Amino acid sequence: MHAVLIKPGTDRNGMEISTKFQIKGIREGLLVTLGDAPWEQVYAALIEHLDEQRDFLKGARLALDVGNHMLKAADLGQIRNQISERDLTLWAVISNSPTTERTAQTLGLETRLSKPKPEPAAQDTRYQDGDPAILVHRTLRSGYSLQNPGHVVILGDVNPGAEIISGGDVIVWGRLRGMVHAGAGGNESAVICALDLAPTQLRIAGVIAITPQRRGKSQPEMVRILNGQVVAEPWNPKKKD
Amino acid sequence: MDYSGNGKQFSGKVVTVTSGKGGVGKTTLTANLAAALAADGQKVVCIDGDIGLRNLDVVLGLENRIVYDLVDVVEGRCRLRQAMIRDKRLPELYLIPAAQTRDKNAVSPSDMIRLTNELRPEMDWILIDSPAGIERGFRNAIAPADIVLVVTNPEVSAVRDADRIIGLIEAEEKGPARLVINRIKPAMVKRGEMLSMEDVLELLAIELIGLIPDDEGVVTSSNRGNPIAIEGKSKAAQSFRNIAQRLQGHKVPFLELQEDGNLFGRLARLLRPGGN
């Protein structure tokens, strides 16, 4: 990988540009690292720079490392619009703030420079107290992709066209109609639970399953691998027979 | 619910009509909604956001009067007023047509915000007809919106796209979007051959603001450039007028689309063999 550092200089006020941002060439395009100066200043300086270097930068793909800045969807949307108006593409936002990361994800931006590879199944992470998991309290709509190395819990529906890729278990407290990949790192003991299971496709570790059309009433179900096959069983804590 | 924004009478509301999928009736809804609002005495301007594939002018019957268009305004070749075509039937209805010889990139989201801000003081309603898709044209249309109407047909593919669009609207914090289900065929719903209103709402889970039955009269009136909502007597015409009423904050019950009084879908769900 060859890194090209664009001259750190000073702006009119004598403030080093590098405290506002730095631009570096990386394999995926250009990486713009924003400094800790106030957001308005950083933003203005960046836009000014993009305008100055318009011809040079034309068509580039930008990744934005916003560091510690806390950005709302409106801020990110604005900077994305400004960037796209200059014939550039903003494809990723890297942030130290999980909130900002999530905001970037809802705008369809990447939050890692390279796709995170699910952790190899070397260590068995299941069923230990305090496994890392994320809780998402909303409905995932079509086009939304949620990826997490740990477990995933959704309070809401997973609509067709949405996908969840989890290193561990996936629990959907709602209707599951999209695609779920549990145990994506190869963990065959991962399970998928949903109150209403009608997914387009399920994957556990390396096994793919398409669920048949359900007949009759919906009920909570748990899906796991039994003897190499993906099996869905009704969740019935009080078995009558 | 009052969508008109109490106390903000000096500022027009921007309503964007969008869908994701093409051909579900965005342009027809925009034209009829505009006509219905204008017939209620509101000042209305519609903006055709479909640059390069314009047709709101055709549906409104104003095609032959286009001199300047949206791109001319944005690029400063004319004043905003010059691009506003005044309807002859309804004096407070205006259209800003799209350019046909350019593409979506000729306009940016901030252009649309500037333009609508200029229109707000003079107008009660600014309706934007969004193009299909989720790219630049969609983002242009959505950028200035106060209210977003998502149009869908009771078809699986249209509902999927509507779901995607609603997600994008939520991400842009333009929500909550309101849903219009267009081209319902009550007889097919009754036979369980078409998604029912309940099926669609169950998936999309947003507030419903309109139900429009399938009606050949809508096609005829669109072809003639004479929106059915102006004088039409059919249920479809009434449905368009009802949406306009609801936008103005009036409580209007949804029309019974099933002739024999059955709440459509109820029977269908009993008869249907499986899930979806």
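Residues numbered from 1 in each chain as written. Chains lettered and ligands numbered in written order. Predicted model: local features only at pLDDT ≥ 70, side-chain atom pairs only at ≥ 80, totals over all residues. Heavy atoms only, no water.

J.: Is there a simple way to think about the overall build of chain B in this case?
T.: Within chain B, the regular secondary structure consists of twelve helices and eight strands. Burial status across chain B gives 57% buried among its 276 residues. For chain B, the exposed area adds up to about 11,600 Å²; of that, 49% sits on carbon and sulfur atoms. (Helix = DSSP H or I, 4+ residues; strand = E, 2+ residues; numbered from the N terminus. Buried < 20%, exposed > 50% of the residue type's maximum accessible area, 1.4 Å probe, protein only. Areas by Shrake-Rupley, 256 points an atom, 1.4 Å probe, with all protein chains shown as cover.)

J.: Is there a simple way to think about the interface of chain B and chain A in this case?
T.: Think of interface size as the accessible area that goes away when the parts come together; that is how it is often given. Counting residues at the interface gives 23 residues for chain B and 19 residues for chain A. Both sides of the chain B and chain A interface together cover about 1,800 Å² of buried area, and 38% of this is carbon and sulfur. Applying the counting criterion to the chain B and chain A interface returns five salt bridges. With a shortest N-O distance of 3.7 Å, Arg175 of chain A and Glu202 of chain B are connected by a salt bridge. Applying the counting criterion to the chain B and chain A interface returns twelve residue pairs in polar contact (both at pLDDT 80 or more). The set of elements that each furnish at least two residues to the side of chain B that touches chain A consists of helix H5 (109-119), helix H6 (136-142), helix H7 (156-171) and helix H9 (197-204) of chain B. Element by element, the count of residues in the side of chain B that touches chain A is highest for H7 of chain B, at seven residues. (Contact = heavy atoms within 4.5 Å. Buried area = accessible area lost by both parts, 1.4 Å probe. Salt bridge = Lys/Arg side-chain N within 4 Å of Asp/Glu carboxyl O. Polar contact = N/O pair within 3.5 Å; in protein donor to acceptor, adjacent residues only side chain to side chain.)

J.: Whenever I open this one, the confidence of the model for chain A confuses me. Can you help?
T.: Interpretation of the predicted coordinates at a detailed level should be avoided for regions scoring low in pLDDT. Across chain A, pLDDT averages 82, with 83% of residues at or above 70. Confidence over residues 1-15 of chain A falls short of pLDDT 50; this stretch has 24 contacts with residues more than four positions distant or in other chains. (pLDDT = per-residue confidence, 0-100.)

J.: Even after reading the chapter, I still don't get the packing of H7 of chain B against H9 of chain B, so can you show me in this structure?
T.: Relative placement of two packed helices is described by the angle separating their axes and the distance separating the axes. All names here are of chain B. Across the interface, H7 lies against H9 with an axial gap of 10 Å and an inter-helix angle of 30°. By the angle between their directions, the pair H7 and H9 is classed as roughly parallel. At the point where H7 passes H9, the crossing takes the right-handed sense. Facing Val159, Ala162, Asp163 and Ile166 of H7, the residues of H9 in contact are Val200, Leu203 and Leu204. Grouping the amino acids of the contact of H7 with H9 by side-chain chemistry returns six nonpolar, no polar and one charged. (Axes fitted to C-alpha atoms, helices over the stretch in contact; angles between N-to-C directions. Parallel < 35°, antiparallel > 145°, perpendicular 65-115°, else oblique. Left-handed = near helix turned anticlockwise from the far one by under 90°. Nonpolar A, V, L, I, M, F, W, Y, C, P; charged D, E, K, R; others polar.)

J.: Help me understand the sheet that holds strand E2 (residues 29-34) of chain A in this model?
T.: The pairing of strands in a sheet comes from backbone hydrogen bonds and takes either a parallel or an antiparallel form. All names here are of chain A. Pairing is mixed across the open sheet formed by four strands, whose spatial order is E1-E2-E3-E4. At either margin of the open sheet sits one strand with a lone partner, and together these are strand E1 (21-26) and strand E4 (89-95). Across the sheet, the mean angle from the axis of one strand to that of its neighbour is 20°, orientation sign disregarded. Relative to E2, E1 is paired through six bridges, and the arrangement is antiparallel. Opposite Ile23, over in E2, you have Val32 as the bridge partner. The strands that helix H3 (residues 73-85) touches are strand E3 (61-67) and E4; relative to E4, the one it contacts most, it runs at about 145°. (Pairing = 2+ DSSP bridges.)

J.: Sorry if this is basic, but what is going on with helix H1 (residues 39-52) of chain A here?
T.: Since the α-helix packs 3.6 residues into each turn, any two residues three or four apart lie on the same face. All names here are of chain A. A rise of 1.5 Å per residue sets the reference length of H1, with its 14 residues, at 20 Å; its end C-alpha atoms lie 20 Å apart and thus fit the reference within 8%. When H1 is considered as a whole, its buried residues turn out to be Trp39, Val42, Tyr43, Ala45, Leu46, Ile47, His49 and Leu50. Buried residues belonging to H1 abut E1, E2, helix H2 (54-57), E3 and H3. (Expected span 1.5 Å × (residues − 1).)

J.: What exactly am I supposed to notice about the sheet that holds strand E5 (residues 133-136) of chain A here?
T.: Residues and elements named next belong to chain A. With mixed pairing, six strands are arranged side by side in an open sheet as E5-E7-E9-E11-E14-E15. Either end of the sheet is taken by a strand with one partner, and the two such strands are E5 and strand E15 (229-234). Along the sheet, successive strands turn relative to each other by an average axial angle of 25°, direction set aside. As paired strands, E5 and strand E7 (residues 151-155) are joined by four bridges and run parallel to one another. Bridge pairing links Val136 to Ile154 in E7.

J.: For this particular structure, what's the right way to read the pairing of strand E9 (residues 170-176) of chain A?
T.: Moving residue by residue along a regular strand, the side chains alternate between the two faces of the sheet. All names here are of chain A. Pairing of E7 with E9, which is carried by four bridges, proceeds in the parallel orientation. Opposite Ile154, over in E9, you have Val172 as the bridge partner. One ladder, built from five bridges, connects E9 with strand E11 (residues 192-197); its direction is parallel. Residue pairing across strands places Val170 opposite Ile192, the latter belonging to E11.

J.: Explain the pairing of strand E12 (residues 201-204) of chain A to me, please; I cannot follow it from the model alone.
T.: Burial along E12 of chain A is one-sided: the face carrying Leu202 and Ile204 of chain A is buried and the face carrying Gln201 and Arg203 of chain A is not. Taking the residues between adjacent antiparallel strands as the criterion, E12 of chain A and strand E13 (residues 207-209) of chain A are bridged by two residues, where Ala205 of chain A takes a positive phi near 50°.

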